[in-house]
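# Observations on the model geometry
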Amino acid sequence: NDDGDNWSVKDSDIGYTYSYTYLGGKIFATIHGDLRTSGDGGLTWVQSNSGIREDRVYSIALPGNNVFWLSTDVSRDGGLSWSPNPDVPLTVATSGNGYMVGVSQEKIYISEDYGVTWTFSQELDVFGVTNVGNISYLGGKFVLTYQSGQITSSVDGGHTWSPVKYLPSEFREIGYNQGKYYAEI
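Note that the coordinates shown come from a computational prediction; the quantities given were computed from them, not determined experimentally. (Residues numbered from 1 in each chain as written. Predicted model: local features only at pLDDT ≥ 70, side-chain atom pairs only at ≥ 80, totals over all residues. Heavy atoms only, no water.)

## Overview of the overall build of the chain
The condition that has to hold: For helices the rule is a DSSP run of H or I covering at least 4 residues; for strands it is a run of E covering at least 2, with both sets numbered from the N terminus onward. Exposure is judged per residue with a 1.4 Å probe applied to protein chains only, and the accessible area is read against the type maximum: over 50% gives exposed, under 20% gives buried, and values in between give partly exposed. The contact definition used throughout considers only heavy atoms, calling two residues in contact when any of these lie within 4.5 Å. Only the protein chains shown count as cover for residues, and the accessible areas themselves come from Shrake-Rupley with a 1.4 Å probe.
What the chain contains, in helices and strands, is zero helices and 18 strands. Looking at the chain as a whole, 44% of its 185 residues qualify as buried. At a minimum sequence separation of 6, the contacts of the chain that also span at least 24 residues come to 37%. In the structure as shown, the chain presents an accessible area of about 9600 Å², 46% of it carried by carbon and sulfur atoms.

## So, the sheet that holds strand β8 (residues 83-84)
Either a parallel or an antiparallel arrangement is found when strands of a sheet pair, and the pairing is made through backbone hydrogen bonds. The condition that has to hold: By the convention used here, strands pair only if DSSP detects at least 2 bridges between them.
If you trace the four strands from one edge of the open sheet to the other, you get β5-β6-β7-β8, paired in antiparallel fashion. Looking at strand neighbours, the two that pair on one side only are β5 (60-64) and β8, the edges of this open sheet. In this sheet, strand β6 (residues 67-70) lies alongside β5 in antiparallel orientation, the contact comprising three bridges. The residue of β6 that forms the bridge with G64 is V67.

## A look at unusual backbone geometry
In the Ramachandran plot, N65 falls in the positive-phi region, its phi being about 50° despite a non-glycine side chain. Assessed through its relative accessible area of 57%, N65 is described here as exposed. In the Ramachandran plot, N66 falls in the positive-phi region, its phi being about 60° despite a non-glycine side chain. Looking at the element boundaries, N66 is found in the loop between β5 and β6.

## Some remarks on the environment of N65
So the rule is basically this: Distance and chemistry together define a polar contact, namely a pair of N or O atoms within 3.5 Å, with one atom able to donate a hydrogen and the other to accept it when in protein, and with adjacent residues in sequence counting only for side-chain atoms on both sides.
For N65, the position within the fold is in the loop between β5 and β6. Put simply, N65 and D77 are 12 residues apart on the chain and 8.1 Å apart in space, counted from C-alpha to C-alpha. Sequence-distant contacts of N65, that is, excluding residues within four places in its chain, are made with R76 and Y114. Side chain to side chain, N65 and Y114 meet in a polar contact 3.1 Å long.

## Digging into the packing of aromatic side chains
As a reminder of what qualifies: Ring pairs shown here join Phe, Tyr and Trp side chains whose ring centres sit within 6.5 Å, with only the six-membered ring taken for Trp; geometry is labelled stacked below 30 degrees between planes, edge-to-face above 60, and tilted in between.
Under the definition given, this model contains six aromatic pairs. Taking 6.4 Å as the distance between ring centres and 90° as the angle between the ring planes, the aromatic pair formed by F68 and W82 counts as edge-to-face. In this pair, F68 sits in strand β6 while W82 sits in the loop between β7 (73-75) and β8, placing the two residues 14 residues apart along the sequence. By relative accessible area, which is 7% here, F68 ends up buried.

Encoded structure:
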C-alpha cells in the first residue's frame, strides 16, 4: 500500500506474460505470445487465439463496448471476430469508456474513441532512456515501465509523465490490486 515503493518476489509458473487485464470475472493474458483466458483466478488457462492474425500477442486492452485491443488486431464484438489495426501504437492501455493511451517506442498517442483514431501526444525521455517496455492503467494512473527498470506515471490521461521508481532489474509487467503494485521480473 506504498504506491510501489517496496517490492517482494512471488513465484509464478504460467510462463512469460506480456500483458493482462480483467473483465467479467475472467483474466485475459498474453502468455508466450498467445491470448489466454482464465475463469478461476489464474489456476488454469485456455488458449483463445482463434481468428487472431498476429503471430504473437504482446498486449491486450479492453476499452469498453465489447472492444478487445491487441498489439496489431482489434475485435469490436467481444472477441468473436478480429481485424488488423493499421498504423497504431504497439502497446496500449485504457481507463475505460473508449479512452486509450498507446506507446510506440518512446512516442505517446491518445485515442478517445475506442482506438478508431489516434493523436500523437509527445515523445518521452524521462530517465534519459527510450526503451519503453509496457503501458498499463493502474490505480487511476497510466504507468509506463521501461525494460531497464524505470517506471513513470501520468495522472492526467497520458499528457504529462513523472518518474516514479527505479527497480534494479529488468521486468516485463506491472499490476495493481487492492492498493498494491506488483511486477513480474
